[in-house]
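# An overview of the molecular structure
Below, each chain spelled out in residue letters.
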Amino acid sequence: MKTEMLAMILAGGQGTRLGKLTQKIAKPAVPFGGRYRIIDFTLSNCANSGIRNVGVVTQYQPLALNHHIGNGSSWGLDGISTGITILQPFSSSEGSKWFEGTAHAIYQNIAYIDQTDPEYVLVLSGDHIYKMDYEAMLEEHKANNASLTVAVIEVPMKEASRFGIMNTDENDRIVEFEEKPEQPKNNLASMGIYIFNWSHLRSVLVNSYSKDGKMIDFGKHVIPNYLDSGENVYAYRFSGYWKDVGTIDSLWEANMEFIDVEMDLNIREGSWRVYSKNTISPPHVISETGSAKNSLIVDGCYVSGNVSHSILSSDVQVKEGTEISDSFIMPGASIGKNVKIHRAIIGENAIVGDNAVIDGTDEIAVVGYSEVIGVTIDEN
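A brief report on the enclosed structure follows.

Along the polypeptide, H141 turns up in helix α5 (residues 134–143). Taking C-alpha positions, H141 is 9.2 Å from V233, a pair spaced 92 residues apart along the chain. Setting aside residues up to four positions removed in sequence, H141 forms contacts with Y120, A146, S147, L148, T149, I195 and N197. Looking at H141, its side chain comes within polar contact range of the side chain of T149, at 2.6 Å.

Here it is, written out as structure tokens:
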């Protein structure tokens, strides 16, 4: 069946810079904002942009991610001839099929892409926090008669060397790409969002892997190839909220910005909603000894302590005498009595025992997934 644009979400990253938070789950499955996981933003963008065929490429620790996505019904992506397809590495007579890079992951899934017969392929990352209309990007791609369009965002010049930088002419045609340059010429950073004309990208990848197999990564290999061969490559400027939550600091910052009433990322109102897996929990309860100020408390929480400028995700327990400030507590965490938590991220299903002190004043403190702190376990 002919499809105008197929979305391919690259969600197989390990997220090593998130340390103990991604030891057991893939980065796109990391909780965010109380009731979401990071990949929810990309999936919701697809749903709100009218994209009904989505492939999700997984690799590292995919179990939690696969369970979260399910059949795609939470995002309205469960139609009879449309929907979400989970694409995992596989073996064949040719040997191992582990994905070696972003472009290689697309190459390994050519059979799936050909099945939907798209005119355009939208390549996305599953680990960014933002709202974006991909349909508007496609319209600009068509208007420019582009072979490839790269979404870009202006970043502070002092941070530009951390990104792939696109140098453009006066019409936003990309004339040069620099990967993390020491001396960037401008601040137009690639967002890792691409629209390709599928027929040409397919030819580039197939030709490469029939010869030298060097087309492993979009930033390092495919984009330079397009520029060298004179293809029409354009930048699509994005000006909204966008955050790469690939580090502990950026994940903590994004969650704190999430509860800022003046933030640019408003996901609670309007038609452009952010969806997540449908779950059922009882209403949250704040006891007579508990309080919450400037905070987000999600369903299923029981709070007997004091919470300020923090996020408590679903089914979090906070006992009497505990003080939590400027922190993000992931789902299912249990916090004991008389605990002090400041500037911290507490991982999913973690247990923090009575009287523990977790202080991130100098550096964001982290308790990992299912980690136990300050509790003596009787092995008898």
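Moving on to the sheet that holds strand β21 (residues 323–325). The five strands are arranged β15-β18-β21-β24-β27 in an open sheet whose pairing can be described as parallel. Single-partner strands in this sheet number two, and they are β15 (291–293) and β27 (357–359). Across the sheet, the axes of successive neighbouring strands diverge by a mean angle of 5°, strand direction being ignored. Sheet topology note: the strand β24 (residues 340–342)/β27 ladder contains three bridges and is parallel. Following the sheet pairing, H342 is matched in β27 by D359.

The subject of this paragraph is the nonpolar core. V54, M132, Y134 and I193 are the most contacted members of the largest nonpolar core, which totals 63 residues. Per element, the largest residue contribution to this core is six residues, and it comes from helix α8 (residues 248–258). Beyond its immediate stretch of four places on either side in the chain, M132 contacts N45, S49, M137, A151, M191, I193, Y236, F238 and W272. Residues I106, M166, V222 and A235 belong to the second largest nonpolar core, which totals 34 residues.

How each quantity is defined
Residues numbered from 1 in each chain as written. Predicted model: local features only at pLDDT ≥ 70, side-chain atom pairs only at ≥ 80, totals over all residues. Heavy atoms only, no water. Helix = DSSP H or I, 4+ residues; strand = E, 2+ residues; numbered from the N terminus. Contact = heavy atoms within 4.5 Å. Polar contact = N/O pair within 3.5 Å; in protein donor to acceptor, adjacent residues only side chain to side chain. Pairing = 2+ DSSP bridges. Axes fitted to C-alpha atoms, helices over the stretch in contact; angles between N-to-C directions. Core = buried A, V, L, I, M, F, W, Y, C linked by side-chain atoms within 4.5 Å. Buried < 20%, exposed > 50% of the residue type's maximum accessible area, 1.4 Å probe, protein only.

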